[in-house]
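# Descriptive structure summary
One-letter residues, chain by chain:
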Amino acid sequence: MKNLFLDDIRTPKDVFRYTHNSDYLKFEWDIVRNYDDFVEYIIKNGLPDLISFDHDLADEHYDEAMYNGDLYNNLYDKFKEKTGYDCAKWLIEYCMDNDIDVPKIYVHSMNPIGAENIRKLFINYINQRKKNA
């Protein structure tokens with residue numbers, strides 16, 4: 001089983017401490033730290049069986065990710081560095097272009113708004129794909 005862990009700082013062991021999801025301990029994980037590494041990994045290795053997403057992947061995300069509601073959403077597009085949400089959008093485009101299902105997805109981000117945005121993106125894509133099947 002091939003697993004991919006997207007996070008700029010943490011390791012799967014770190015994430016287990018607050019998620020209590022034992023998969024973070026029992027599985028082997030390939031770790032990527034940013035958008036470019038995420039894209040390169042999938043292009044080079046193909047889709048993993050499982051991907052775990054963080055949202056905030058750069059210092060600029062941490063300051064602005066503390067905002068909520070409309071203020072956060074207005075700042076979201078101004079990030080210079082791409083987020084885990086950008087990785088999720090790229091993954092969906094990749095799956096659409098190749099007519100394949102997305103792998104199993106975990107979201108371990110501690111940013112509640114960012115995490116929810118990633119989850120909703122995948123839920124909407126999966127539901128739409130089922131409708132079109």
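Preceding block: the structure.
Residues numbered from 1 in each chain as written. Predicted model: local features only at pLDDT ≥ 70, side-chain atom pairs only at ≥ 80, totals over all residues. Heavy atoms only, no water.

## Examining the packing of helix α3 (residues 35–45) against helix α6 (residues 84–97)
Selection criterion: For every element, the axis is a line fit to its C-alpha atoms; helices are fit only across the contacting stretch, and the angle between N-to-C directions ranges from 0 to 180 degrees. We count a stretch as a helix when DSSP gives it H or I for four or more residues in a row; a strand needs E for two or more, and each element gets its number in order from the N terminus. Small angles under 35 degrees read as roughly parallel and large ones over 145 as roughly antiparallel, with 65 to 115 read as roughly perpendicular and the rest as oblique. A clockwise turn of the near helix away from the far one marks a right-handed crossing, whereas an anticlockwise turn of less than a right angle marks a left-handed crossing. When checking whether two residues touch, look at their non-hydrogen atoms; a contact exists if any pair is within 4.5 Å. Residue type decides the class: Asp, Glu, Lys and Arg count as charged, Ala, Val, Leu, Ile, Met, Phe, Trp, Tyr, Cys and Pro as nonpolar, and the leftover types, Gly among them, as polar.
As a packed pair, α3 and α6 sit with axes 10 Å apart at the nearest point and diverge in direction by 25°. In terms of orientation, α3 and α6 fall into the roughly parallel class. Remark: the crossing between α3 and α6 carries right-handed chirality. Between α3 and α6, the residues in contact are Y35, F38, V39, I42 and I43 and D86, C87, W90, L91 and Y94, respectively. Per-class residue counts for the contact of α3 with α6 are nine nonpolar, no polar and one charged.

## Some details on the nonpolar core
Quick reminder of the rule: Buried residues of nine kinds, namely Ala, Val, Leu, Ile, Met, Phe, Trp, Tyr and Cys, make up a nonpolar core once their side-chain atoms join them within 4.5 Å. Whether a residue is buried, partly exposed or exposed follows from its accessible area with a 1.4 Å probe, protein chains only, as a fraction of its type maximum: under 20%, in between, or over 50%, in that order.
With 25 residues, the main nonpolar core has F38, I42, F53, L91 and F122 as its most contacted residues. Contributions of two or more residues to this core are made by β1 (3–6), α3, β3 (50–53), α6 and α7 (112–132). Counting residues per element, this core draws most heavily on α6, which supplies seven residues. What F122 contacts, discounting residues up to four positions off in sequence, is F53, A88, L91, I92, V102 and I105. Within the second largest apolar cluster, six residues are counted, among which are V15, Y24, W29 and Y106.

## Describing the sheet that holds β3
Which entries qualify depends on this criterion: Paired strands are those between which DSSP finds at least two bridges.
Taken together, four strands build an open sheet; the order of strands is β2-β1-β3-β4 and the sheet is parallel. On the outer flanks of this sheet lie β2 (30–32) and β4 (104–107), each paired with one strand and no other. For this sheet, the mean angle separating the axes of adjacent strands, direction not counted, is 20°. Of the pairings in the sheet, the one linking β1 to β3 comprises four bridges and is parallel in character. Bridging from a neighbouring strand, N3 pairs with L50 of β3. Contacting β1, β3 and β4, α6 crosses the sheet at an angle of about 150° to β3. Along the sheet, α7 contacts β3 and β4; its crossing angle with β4, the most-contacted strand, is approximately 165°.

## Digging into the side chain of N111
Rules: Counting of polar contacts relies on pairs of N or O atoms within 3.5 Å, with two restrictions inside protein: one atom must be capable of donating a hydrogen and the other of accepting it, and residues adjacent in sequence are counted only when both atoms are side-chain atoms.
Structurally, N111 can be placed in the loop between β4 and α7. By relative accessible area, N111 is classed as buried at 6%. A distance of 3.1 Å separates a polar atom in the side chain of N111 from the backbone nitrogen of I113.

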